[in-house]
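Understanding the architecture of this molecule
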Amino acid sequence: MAMENQVLTPHVYWAQRHRELYLRVELSDVQNPAISITENVLHFKAQGHGAKGDNVYEFHLEFLDLVKPEPVYKLTQRQVNITVQKKVSQWWERLTKQEKRPLFLAPDFDRWLDESDAEMELRAKEEERLNKLRLESEGSPETLTNLRKGYLFMYNLVQFLGFSWIFVNLTVRFCILGKESFYDTFHTVADMMYFCQMLAVVETINAAIGVTTSPVLPSLIQLLGRNFILFIIFGTMEEMQNKAVVFFVFYLWSAIEIFRYSFYMLTCIDMDWKVLTWLRYTLWIPLYPLGCLAEAVSVIQSIPIFNETGRFSFTLPYPVKIKVRFSFFLQIYLIMIFLGLYINFRHLYKQRRRRYGQKKKKIH
């Protein structure tokens, strides 16, 4: 008799967002389940095939905070998916009012997000909603989206071709001439590098005005840092243009960008090449630090040259009359190089973690 009166409970997995709760009930072949919410308690009862075979399963959950009494559910062959709306948009520390978690309840790691990740998702949805409203007020969303994608495709294509030309040119010259090719790199590819780096201003503008969703700060840091090296360190000092470090700076820059711009280009036409995606989100790990190291070496090599020529140095007006050497600012810039590396590295790491996920945390 005890077995007949025993209530069978299914395995239930849950996750949340700020506005919703998601429950996944592990029951297959369910038809017409009884699901309701009364006095903030979810009641579930259904005939189905679960851990104890084909039986009637039921459970009750009293929520931690107030919810709307209209649950929405969807039946699949293997499970019952239930969505419950919170009355107040906020993050809950747990699902149930009782502190001890019921034995049949566990986190749904397939849908689980930390609070910070959920906030990012919420902001992204809100931004998407606002952009949709803005586009609807300005014109046909489909037309504007296609124009935007076409514009971004052409921009990324031009940058990809430019950096590919630099990369291939340097590679072929190195294969033919060996180390001798290091010393005339600037005179060989500088014009194309000038073009690509000046065009990169567009990328920062796109982020600033909302054409792309990229954050402005990492893009601006890279733009200013590279153009400082290109136009000030290399461009104004002929003594620097024949040094081997120019080859390594240009080669590392182009190696990073050919994968980045080709990935963005295919994204504009909704193509996802897994190998390229992996390269775009992985190669920066060794290449960005190496690129910053090469930039730092070029700054260090330029300091005695700037000291000797006195270029960009100046004397403070009377009564101070102290000569301020440009090398003083270069030493400060060396620190800023690695600060910028940290900011960009952190940004790229977050992008990679969002793309490929992270190790699941044990959650009570």
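Residues numbered from 1 in each chain as written. Predicted model: local features only at pLDDT ≥ 70, side-chain atom pairs only at ≥ 80, totals over all residues. Heavy atoms only, no water.

Focus: the overall build of the protein
Per the secondary structure count, the protein includes 11 helices and 10 strands. Along the longest, intermediate and shortest principal axes, the C-alpha atoms of the protein span 100 × 55 × 45 Å. The proportion of buried residues among the 364 residues of the protein is 41%. For the protein, long-range pairs separated by at least 24 residues make up 67% of all intrachain contacts whose partners lie at least 6 apart in sequence. Accessible surface, the protein as shown: approximately 21,500 Å² in total, 60% of it carbon and sulfur. The averaged location of the 36 negative side-chain charges in the protein is 4 Å from the averaged location of its 43 positive side-chain charges. (Helix = DSSP H or I, 4+ residues; strand = E, 2+ residues; numbered from the N terminus. Buried < 20%, exposed > 50% of the residue type's maximum accessible area, 1.4 Å probe, protein only. Contact = heavy atoms within 4.5 Å. Areas by Shrake-Rupley, 256 points an atom, 1.4 Å probe, with all protein chains shown as cover. Lys, Arg positive; Asp, Glu negative; His and termini not counted. Charge placed at Lys NZ, Arg CZ, Asp CG, Glu CD.)

Section: the confidence of the model for the protein
Mean pLDDT over the protein stands at 88; residues scoring 70 or higher make up 94%. Long-range and interchain partners of residues 359–364, a stretch whose pLDDT sits below 50, account for nine contacts in this model, where long-range means more than four residues apart. (pLDDT = per-residue confidence, 0-100.)

Re the sheet that holds strand β4 (residues 41–50)
On the basis of which strands lie adjacent, the open sheet formed by three strands has the order β3-β4-β5 and antiparallel pairing. Edge strands, defined here as strands with exactly one partner in the open sheet, are β3 (34–38) and β5 (53–62). Across the sheet, the axes of successive neighbouring strands diverge by a mean angle of 15°, strand direction being ignored. As paired elements, β4 and β5 share 10 bridges and run antiparallel to each other. Looking at the pairing, Phe44 lines up with Phe59 of β5. (Pairing = 2+ DSSP bridges. Axes fitted to C-alpha atoms, helices over the stretch in contact; angles between N-to-C directions.)

Focus on the side chain of Gln222
Among the secondary structure elements, Gln222 is positioned in helix α6 (residues 216–234). If we ignore the near neighbours within four places in the chain, the residues touching Gln222 are Glu257, Arg260, Tyr288 and Asn344.

Remarks on the packing of aromatic side chains
Centre distance and the angle of the planes are the two values used to describe a pair of aromatic rings. Under the definition given, this model contains 30 aromatic pairs. On the basis of an interplanar angle of 55° and a centroid distance of 4.9 Å, the ring pair of Phe306 and Phe326 is categorised as tilted. In this pair, Phe306 sits in helix α10 (residues 284–309) while Phe326 sits in helix α11 (residues 326–356), placing the two residues 20 residues apart along the sequence. For Phe306, a relative accessible area of 1% corresponds to the buried category. Chaining the aromatic ring pairs together yields one cluster made of Phe167, Phe174, Phe182, Tyr183, Phe247, Phe248 and Tyr251. Note that Arg111 overlies the ring of Tyr22, its terminal NZ or CZ placed 3.8 Å from the centroid. Here Arg260 stacks its cationic end above the ring of Tyr261, 4.6 Å away from the centre of that ring. (Phe/Tyr/Trp six-rings, centres within 6.5 Å; stacked < 30°, edge-to-face > 60°. Lys NZ or Arg CZ within 6 Å of the ring centre and 35° of its normal.)

Looking at helix α4 (residues 185–199)
The end-to-end C-alpha separation of α4 is 21 Å, in line with the 21 Å expected for 15 residues at 1.5 Å each. The sharpest bend along α4 comes to roughly 40°, located at Asp191. Within α4, the full set of buried residues consists of Thr185, Phe186, Val189, Ala190, Met193, Tyr194, Cys196 and Gln197. (Expected span 1.5 Å × (residues − 1). Bend = angle between axes of the 7 residues up to and from the residue.)

As for the sheet that holds strand β6 (residues 72–75)
If you trace the five strands from one edge of the open sheet to the other, you get β6-β7-β2-β1-β8, paired in mixed fashion. Of all strands in the sheet, those with a lone pairing partner are β6 and β8 (105–107), marking the two edges. Averaged over all pairs of adjacent strands, the angle between strand axes in this sheet comes to 25°, irrespective of strand direction. Relative to β8, strand β1 (residues 12–16) is paired through three bridges, and the arrangement is parallel. Pairing of Val12 across the sheet is with Leu105, part of β8.

What to know about a nonpolar patch on the surface
Judged by side-chain polarity, Phe314, Leu316, Val320, Ile322, Phe328, Phe329, Ile332 and Met336 come together as a nonpolar surface patch covering roughly 700 Å² of accessible area. Examining the composition of the nonpolar patch, we find that four residues originate from one element, α11, more than from any other. The residue Phe328 is located in helix α11 in this model. A relative accessible area of 45% places Phe328 in the partly exposed class. (Patch = residues over 30% accessible without salt bridge, like charges linked within 9 Å, V, L, I, M, F, W, Y side chains within 5 Å. Salt bridge = Lys/Arg side-chain N within 4 Å of Asp/Glu carboxyl O.)

Some thoughts on the pairing of β1
Within a regular strand, side chains alternate between the sheet's two faces. Most of β1 is tucked away: four of the five residues are buried. A loop of three residues connects β1 with strand β2 (residues 20–25), the two strands running antiparallel in sequence.

Quick notes on the UniProt feature "transmembrane region" (unreviewed entry) in the protein
Mapped onto this numbering, the UniProt entry gives "transmembrane region" (unreviewed entry) at residues 152–172, 243–263, 283–306 and 326–345. Regarding residues 152–172, the helix share stands at 100% and the strand share at 0%, and the terminal C-alpha atoms are separated by 30 Å. For the annotated span residues 326–345, helix accounts for 100% and strand for 0% of the residues, and the straight-line distance between the end C-alpha atoms is 28 Å. (UniProt positions renumbered as here; feature names shortened; annotations may be inferred.)

Some remarks on the pairing of β6
Across four bridges, β6 lies against strand β7 (residues 80–85) in antiparallel orientation. Residue pairing across strands places Leu75 opposite Val80, the latter belonging to β7.

Focus: the UniProt feature "domain: CS" (unreviewed entry) in the protein
Using the residue numbers shown here, the UniProt feature "domain: CS" (unreviewed entry) corresponds to residues 7–96. Segment residues 7–96 splits into 0% helix and 51% strand. End C-alpha atoms: 20 Å apart.

Some details on unusual backbone geometry
For Asn40, which is not glycine, the phi dihedral falls at a positive 65°. Positionally, Asn40 belongs in the loop between β3 and β4. Of note in the backbone geometry, Asp270 takes a positive phi value of approximately 60° without being a glycine. Note on placement: Asp270 falls in the loop between α8 (245–268) and α9 (274–280).

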